[in-house]
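# Remarks on the overall topology
What follows is the residue order along each chain.
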Amino acid sequence: MPTVTETRLTVRYQETDQMAVVYHTNYLVWFEIGRTDFVRQVTGRRYAEWENECGVLLPVLHAHADYHAPARYGDDIVVCTRIVHLNKVRIHFAYEVYREDALGRALLTTGETHHAWVNRDMKPVRLERIAPEFFAQLQAAASN
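Cut-off values and rules
Residue positions are given per chain, counted from 1 along the sequence in the order it is written. Reporting in this predicted model follows two pLDDT cut-offs: at least 70 for local features of residues, and 80 or more for side-chain atom pairs to be given and counted; totals over whole chains, interfaces and linings ignore these cut-offs and use all residues. Each side-chain value is worked out from all heavy atoms of the structure, with water and hydrogens disregarded. A run of H or I in DSSP counts as a helix once it spans at least four residues, and a run of E counts as a strand once it spans at least two, with each numbered from the N terminus. For this measure, only C-alpha atoms enter the radius of gyration; the expected value for a globule follows 2.2 Å times N^0.38, where N is the number of residues. Accessible area is worked out with a 1.4 Å probe on protein chains only. A residue is then buried under 20% of its type maximum, exposed over 50%, and partly exposed in between. Computed by Shrake-Rupley with a 1.4 Å probe, the accessible areas treat only the displayed protein chains as cover when residues are assessed. We treat Lys and Arg as the positive residues and Asp and Glu as the negative residues; His and chain ends play no part in the count. Each charge is placed at NZ for Lys, CZ for Arg, CG for Asp and CD for Glu. We count a salt bridge whenever a side-chain nitrogen from Lys or Arg sits within 4 Å of a carboxyl oxygen from Asp or Glu. Here, the term nonpolar core denotes a set of buried Ala, Val, Leu, Ile, Met, Phe, Trp, Tyr and Cys residues that are joined through side-chain atoms within 4.5 Å. Here, strands pair whenever DSSP counts at least two bridges between them. Aromatic rings from Phe, Tyr and Trp, with only the six-membered ring used for Trp, were paired whenever their centres fell within 6.5 Å, and each pair was classed as stacked if the ring planes differed by under 30 degrees, edge-to-face if by over 60, and tilted otherwise.

We now examine the overall build of the protein chain. Helix and strand counts for the protein chain come out as 4 helices and 5 strands. Counting from the amino terminus, the protein chain carries its helices and strands in the arrangement β-α-α-β-β-β-β-α-α. In terms of overall size, the protein chain behaves like a compact globule, its C-alpha atoms giving a radius of gyration of 16 Å where 144 residues would be expected to give roughly 15 Å. When the backbone C-alpha atoms are referred to their principal axes, the protein chain occupies close to 45 × 30 × 25 Å. Of all 144 residues assigned to the protein chain, the portion counted as buried reaches 42%. Carbon and sulfur atoms form 50% of the exposed surface of the protein chain, whose accessible area is close to 7900 Å². Considering the protein chain, the positive charge centre built from 16 side chains and the negative charge centre built from 18 side chains are found 6 Å apart.

Next comes the structure, spelled out in structure tokens:
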């Protein structure tokens, strides 16, 4: 089973809509928070450090979310993140977003994002060449 990281958040008032539920696009923001925290937990370094050191960026090529239940203001949220595909030029992450309370966890949203490794000129790069240590750490997390 691949490495799965957990990132905890609390729903802020500004993330809710007129129906008092979390507005759907905020889940994509939570995916990003989970993804960057995944990199920190797996490599011991912040993603921004990898960007600055290696000049590698990770734009989103595709994002998908399925909504199962709403989150509301004040809910405690857990974003579970894992790698579902990794190669030398692309990476795909999967996410599960849960509400966590005294009764346990309730699944709210599942989704994926697909990314390509690029340089600052937005040209594709092979991660194992430009950042071999980073690639090896991600590979290990994907295959655990």
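From this point, the discussion proceeds with the structure in view.
Counting across every chain of the model gives 10 salt bridges. Arg105 is the salt-bridge partner of Glu100, the closest N and O atoms lying 3.0 Å from each other. Connected via shared salt-bridge partners are Glu6, Arg8, Glu100 and Arg105.

Ranked by size, the top nonpolar core spans 32 residues in total, and within it Trp30, Ile77, Trp117, Phe134 and Leu138 carry the most contacts. Going through the elements one at a time, α1 (26-43), α2 (47-54), β3 (76-86), β4 (90-101) and α4 (132-143) are the ones with two or more residues in this core. With 5 residues, α1 is the single largest residue contributor to this core.

The next point concerns the pairing of β3. Sheet topology note: the strand β1 (residues 5-10)/β3 ladder contains 6 bridges and is antiparallel. In the sheet register, Leu9 faces β3, and the bridge partner there is Ile77. In this sheet, β4 lies alongside β3 in antiparallel orientation, the contact comprising 9 bridges. Its bridge partner lying in β4, Arg82 is registered against Ala94.

Quick look at the packing of aromatic side chains now. As enumerated under the stated definition, the model contains 9 aromatic pairs in all. Between Phe38 and Phe93, the ring centres sit 5.6 Å apart and the planes meet at 80°, which makes this aromatic pair edge-to-face. Taken together, the residues Phe38 in helix α1 and Phe93 in strand β4 connect sequence positions 55 residues apart. Using a relative accessible area of 0% as the deciding quantity, one classes Phe38 as buried. Judged by its relative accessible area of 1%, Phe93 is buried. Members of the aromatic cluster, connected to one another through ring pairs, are Phe31, Phe38, Phe93 and Tyr95.

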